[in-house]
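So the chains spell out like this:
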Amino acid sequence: MSLLKSRRLWLATAIAATLIASAAGAADVDAATAPLAAAAPTSPPASYPNPGTVTGNTGTHDPSAVKTPAGGYIVAYTGANIQLKTSSDRTAWRNAGAAFPSGASWTLPYTGGSNQLWAPDISYHNGTYYMYYAASTFGSSHSAIFLATSSTGASGSWSNKGLVIETTTSSNYNAIDPNLVVDASGGWWLSLGSFWTGIKLVKINPSTGLRADSTVRSIAQRTGSSTAIEAPYIFRHGSYYYLWVSFDLCCRGASSTYRIMVGRSTSITGPYTDRNGTAMTSGGGTQVLATHGSIHGPGHQAVLADSDGEVLFYHYYANSGASYLGINLVGYDSAGWPFVY
């Protein structure tokens, strides 16, 4: 509950700072200067790497990325009516408007009238762009995930395809932070959730993009004094499905404590375990990236398969409190556990 409130407060009070940062790029963040490597190593670096070089309009929060058939990139992220950025080379980024420039009236019952829509998940399947995104009220689990589709991914081209899943104030999980994954057999699944009883998985009908059944599966949950887990992203590599999540707190500027964790399973539905064998439903998770130097609270990650390897997209906060787009490549060690470099 506290994270939802802090997220909305952060969006309401810091969006102007982020937009200013976007126009300036990451020039005031000396950490965002390391170039991306070309070949995947098999041993992690001695310390967490800085984000790879990105330029242009890089102010971002909760990013998700897709590579277009033409070879360019689209990033969708939290903001007014879902914000978009594009790049031809994954380095130089430009603002590309809102997904819904005329607004998204169907979300207003969940947002209390706000146009701030959260955590879009963008992907491309069978000639169509799919975007799942969340709408929520201030400090409440009265939340919903919607689907929109587009033939181009451009601002104004997105069509509302309806409600996918919703939660109420009496729900013990929250319908935010969606991520679509296609399993090895071609089945479609949507992971989602935050805090309380954690991360859930629902089956999706590929012909509609909406739910295929009423079953809600639990795949990760924090235990102990903190229930702070969110932003699930499932990515298949080799014979494993890797469940990437963010632990702890976002949306507090340079005081954010977000950190990126991962577990894996040979089945899309789990059980997911960490490097030590601890189940993610029992608080397990292997840390991949956390605060270091002037890079604060990296999280809300997405993984993209590209021509030079797998790529991790995420946001982080600068010393100024503004959030930026972070990009690093992903390597795997001899035991098959991911790291970033």
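Cut-off values and rules
- Residues numbered from 1 in each chain as written.
- Predicted model: local features only at pLDDT ≥ 70, side-chain atom pairs only at ≥ 80, totals over all residues.
- Heavy atoms only, no water.
- Helix = DSSP H or I, 4+ residues; strand = E, 2+ residues; numbered from the N terminus.
- Buried < 20%, exposed > 50% of the residue type's maximum accessible area, 1.4 Å probe, protein only.
- Contact = heavy atoms within 4.5 Å.
- Areas by Shrake-Rupley, 256 points an atom, 1.4 Å probe, with all protein chains shown as cover.
- Core = buried A, V, L, I, M, F, W, Y, C linked by side-chain atoms within 4.5 Å.
- Pairing = 2+ DSSP bridges.
- Axes fitted to C-alpha atoms, helices over the stretch in contact; angles between N-to-C directions.
- Phe/Tyr/Trp six-rings, centres within 6.5 Å; stacked < 30°, edge-to-face > 60°.
- Lys NZ or Arg CZ within 6 Å of the ring centre and 35° of its normal.
- Disulfide = S-S within 2.5 Å.

**Q** I'd like a rundown of the overall build of the protein, residues and numbers included.
**A** If you tally the helices and strands in the protein, you get two helices and 22 strands. The buried share of the protein, reckoned over its 341 residues, is 59%. Of all intrachain contacts in the protein linking residues separated by at least 6 positions in sequence, the fraction that spans at least 24 positions is 55%. As presented, the protein carries roughly 12000 Å² of accessible surface, and 52% of it is formed by carbon and sulfur atoms.

**Q** Describe the nonpolar core, listing the residues and the values that go with them.
**A** Counting residues in hydrophobic clusters, the biggest one holds 21 residues, and the most contacted among them are Trp244, Ile260 and Leu312. When contributions to this core are tallied by element, the ones reaching two or more residues are strand 15 (229–237), strand 16 (240–247), strand 17 (259–265), strand 18 (286–289), strand 19 (296–306), strand 20 (309–317) and strand 21 (323–332). Grouped together as the second largest cluster of nonpolar side chains are 20 residues, Ala99, Ala104, Ala144 and Phe146 included.

**Q** Would you mind going over the sheet that holds strand 18 in detail, with residue names and values included?
**A** Spatially, 15-16-17-18 is the arrangement adopted by the four strands of the open sheet, whose pairing is antiparallel. A single partner strand is all that each edge strand has here, and the edge strands are strand 15 and strand 18. This sheet shows a mean twist of 30° between the axes of neighbouring strands, independent of strand direction. Where strand 17 and strand 18 come together, three bridges link them in antiparallel fashion. Within strand 18, the residue paired with methionine 261 across the bridge is glutamine 287.

**Q** Tell me about the packing of aromatic side chains, and name the residues and values.
**A** In this structure the tally under the stated criterion is 12 aromatic pairs. Seen in terms of ring centroids, tyrosine 133 and phenylalanine 146 are 6.0 Å apart; in terms of plane orientation they differ by 25°. Their pairing is stacked. Taken together, the positions of tyrosine 133 in strand 8 (residues 128–136) and phenylalanine 146 in strand 9 (residues 143–150) put the pair 13 residues apart, joining distant regions of the chain. Through pairs of rings, three or more aromatic residues link up here, namely Phe100, Trp106, Tyr110, Tyr133 and Phe146. One Lys or Arg, arginine 222, reaches over the ring of phenylalanine 247 and ends 4.0 Å from the middle of that ring. Over the ring of tyrosine 240 we find arginine 264, and its NZ or CZ is 4.0 Å from the ring centre.

**Q** Outline unusual backbone geometry, supporting the account with residue identities and numerical values.
**A** At the junction of glycine 270 and proline 271, the peptide bond is cis and its omega measures out at 10° in the coordinates. Tracing the backbone through its elements, the reader meets proline 271 in the loop between strand 17 and strand 18. The backbone of aspartate 177 sits at a positive phi, close to 55°, despite the residue not being glycine. Along the chain, aspartate 177 falls in the loop between strand 10 (159–167) and strand 11 (179–182). Owing to a relative accessible area of 1%, aspartate 177 belongs among the buried residues under this scheme. Positive phi, normally seen in glycine, also occurs at cysteine 251, with a value near 65°. Relative to the helices and strands, cysteine 251 resides in the loop between strand 16 and strand 17. In this structure cysteine 251 comes out as buried when scored by relative accessible area, which is 4%.

**Q** So, the state of the cysteines: which residues are in play, and what are the values?
**A** Enumeration according to the criterion identifies one disulfide in this entry. Residue cysteine 250 pairs covalently with cysteine 251 via a disulfide, S to S 2.1 Å. Of note, the bridge from cysteine 250 to cysteine 251 carries an S-S torsion of about -50° and is left-handed in sense. A residue is classified by how much of its surface remains accessible, and cysteine 250, at 0% relative accessible area, is buried.

Limitation: the analysis is restricted to geometry and does not speak to function.
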